[in-house]
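Given next are the chains, with one letter for each unit.
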Amino acid sequence: MCGIVGYIGENQAAPFLLEGLARLEYRGYDSAGVAVYTDDGIEIAKSKGRLQVLSDQIHGGNDINGFMGIGHTRWATHGEPSDINAHPHASVSGKFAVVHNGIIENYIELKTKLEKHGYTFTSDTDTEVIAHMLEYYYKGDVLDAIIRIINRLEGSYALGILCADCPDRFFAVRKSSPLIVGLGRGENFIASDVAAILKHTRDIYYLEDNEIVELTSDGVKVYNKDKEEVPKEISKITWDIDAAEKGGYEHFMMKEIEEQPTALRNTISPRIKDGRIILDSVSLTKDDIKNIRKIYIVACGSAYHVGVVGKYVIERMCRIPVEVQVASEFRYCDPIVGSKDLVIAISQSGETADTLAALKEAKDHGARILSIVNVEGSAIAKASDDVIYTWAGPEIAVATTKAYSTQLAVIYLMAGYMSEKLGMLTSGEYKRFIDDLERLPDLVAEVLKNKENVQHLASMFYNCHSIFFIGRNLDYAVALEGSLKLKEISYIHSEAYAAGELKHGTISLIEDGTLVIALATGSGLFDKTVSNVKEVKARGAVVIGVSTTENPMTGIADHTITLPETTDVMLPSLTVIPLQLFGYYVASNKGCDIDKPKNLAKSVTVE
Ligand code: F6R
């Protein structure tokens, strides 16, 4: 949600900023801008629209000369996407330029005060108050001014700050919004995400809330709010640069779909040793697990859908009650959660505001927090008692695929781990579970080989106005994800229904030609779902049936997708693959901007 990048060094800043922003564009893409320190002072260029519009406007950055600058790509919160509301924002005299990711909750109060002091505002953003406040508090020392403003700002922020009086340094600070510092040779960087600077350095500093950074080309100093220098440890990024590139694919989404076998292997293999699941990063003892009263899973969007699968899997394998809740609901529902409960927070980015807030709410009630996160050092990881990382690598496409799949894998690892500790599985059952878990990446690769079938189906149905996904239990959980994947990138209305629930109202929407995608992979419920398929077909629906080789839907559905067999609880990992592909190919047939769907952005750092 908004991308920030900053550079100081021996090279021209503007082209660097544009390149970095291109790698952050998934965070927001309604406008973009840069501010560069030039011989004539701070020069700002910004424009509504995709980054390419800005790049064309300043000829790839060649129009602006200077060796230090900050850049921003926006997902609008306060004020519509426009040239004026685009960042950077300048203070009245132009002494300060600021880029911001986050939300200043008390900006109206601050704005009113500044207006009383004669400051005028040109944009509708909350960010503009920061630029004016810096000018208001500046008495010759930028650090002092930053400390003054962060004592007054409420909300979340990652800020990059240029001051016209400082030709050889720029500043940054963060609170509850991601920002990292990259350390180069003769050049240094800030960025919302490592993807922006990975080509230039792998050495980074993670910043704590309200740590203030002063960057020159030769060094980086980090201060706390008392202006004391804080010693920092360098972290090494191990992600492969290719992971953040398209590598010949038309879209990141397809690249990431294809990367799923590898991502699954990276997530599963290191955690299975000598036929046992070993979760080094989890400090839950056998007694802790035995004493869990209830598990809550909190997450948003697709990560929530993983939680729905998690509920079925953990309850089935561990017989511990699991409640799964959308994080934005959990945080405000006065949850009955306490020290006997385990809360599992699931998040790819590790920075989703609602999930972080839900986690904090649970923590305040004394619950133990375990998070499943993809981004190392992220806010959710830091706020948890235990973290299990999904080694999916950087996920750039807004619609998640490989993060979802690796989150599922961690759910299986956890369920297997806990059920072994609880003595719920015989040694034979445990061995079979581990064997199937280790086989999962290959099975996903096998399903991916059949993508032409899905591509063909997508070419038949991309003109539909409404598509229903139905399934029971685990299939229902996957139906939720299939439906979201389709609607978010193809803009086709879609709903997911528990197959037996459709007849309680929604079936009235089924008419001649309505497409229903019926998931019937679970062997125990196959016949039940087939009855529901018959109900919708009797009302004119066209059905794509998704099931396994043991129970093919030939002769039952109009079109079929057949998956290989595996342990029931792991079938969601296979079922989701054709649904991801279906969403992708439908969107592709419709000519949609697949990696950057309208109104969306990755990493939702606002409520
Ligand atoms: C959908 C999608 C979103 C995210 C949700 C949570 O394709 O990607 O629904 O799953 O915004 O994001 P994270 O996992 O970063 O907390």
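About the criteria used
- Residues numbered from 1 in each chain as written.
- Predicted model: local features only at pLDDT ≥ 70, side-chain atom pairs only at ≥ 80, totals over all residues.
- Heavy atoms only, no water.
- Pairing = 2+ DSSP bridges.
- Helix = DSSP H or I, 4+ residues; strand = E, 2+ residues; numbered from the N terminus.
- Axes fitted to C-alpha atoms, helices over the stretch in contact; angles between N-to-C directions.
- 1 Å grid on protein atoms, 1.4 Å probe; cavity = no way out; pocket = protein on both sides within 12 Å on 5 of 7 lines; lining within 4 Å.
- Points joined across faces, edges and corners; volume = space filled by probe spheres on them.
- Salt bridge = Lys/Arg side-chain N within 4 Å of Asp/Glu carboxyl O.
- Buried < 20%, exposed > 50% of the residue type's maximum accessible area, 1.4 Å probe, protein only.

Strands sit in the order β18-β17-β19-β20-β21 across an open sheet of five strands; the sheet is parallel. Two strands in the sheet have a free side with no partner beyond their single neighbour: β18 (322-326) and β21 (386-389). Within this sheet the neighbouring strands show an average axis-to-axis angle of 20°, counted without direction. Relative to strand β20 (residues 368-373), strand β19 (residues 341-347) runs parallel, the two sharing six bridges.

On to empty space enclosed by the protein, then. Using the criterion set out here, one finds one cavity of 30 Å³ or more in the structure. As for the largest cavity, its lining consists of 14 residues, of which Cys2, Trp75, Thr77, His87 and Gly102 are closest to the centre. Residue contributions to the lining of the largest cavity peak at three residues, all from strand β6 (residues 96-104).

Within this structure, the stated rule accounts for 32 salt bridges. Linking Lys95 and Asp165 is a salt bridge whose minimum nitrogen-to-oxygen distance equals 3.1 Å. Separated by 70 residues along the polypeptide, Lys95 in the loop between β5 (89-90) and β6 and Asp165 in the loop between β7 (155-163) and β8 (170-175) bring together distant segments of the chain. We classify Asp165 as partly exposed; its relative accessible area is 41%. The salt bridge partner of Asp288 is Arg368, with a shortest N-O separation of 3.4 Å. With Asp288 in helix α8 (residues 286-290) and Arg368 in strand β20, the pair connects residues that are 80 residues apart, well separated along the chain. What you see here is one network of salt bridges that share partners, running through Asp141, Asp144 and Lys227.

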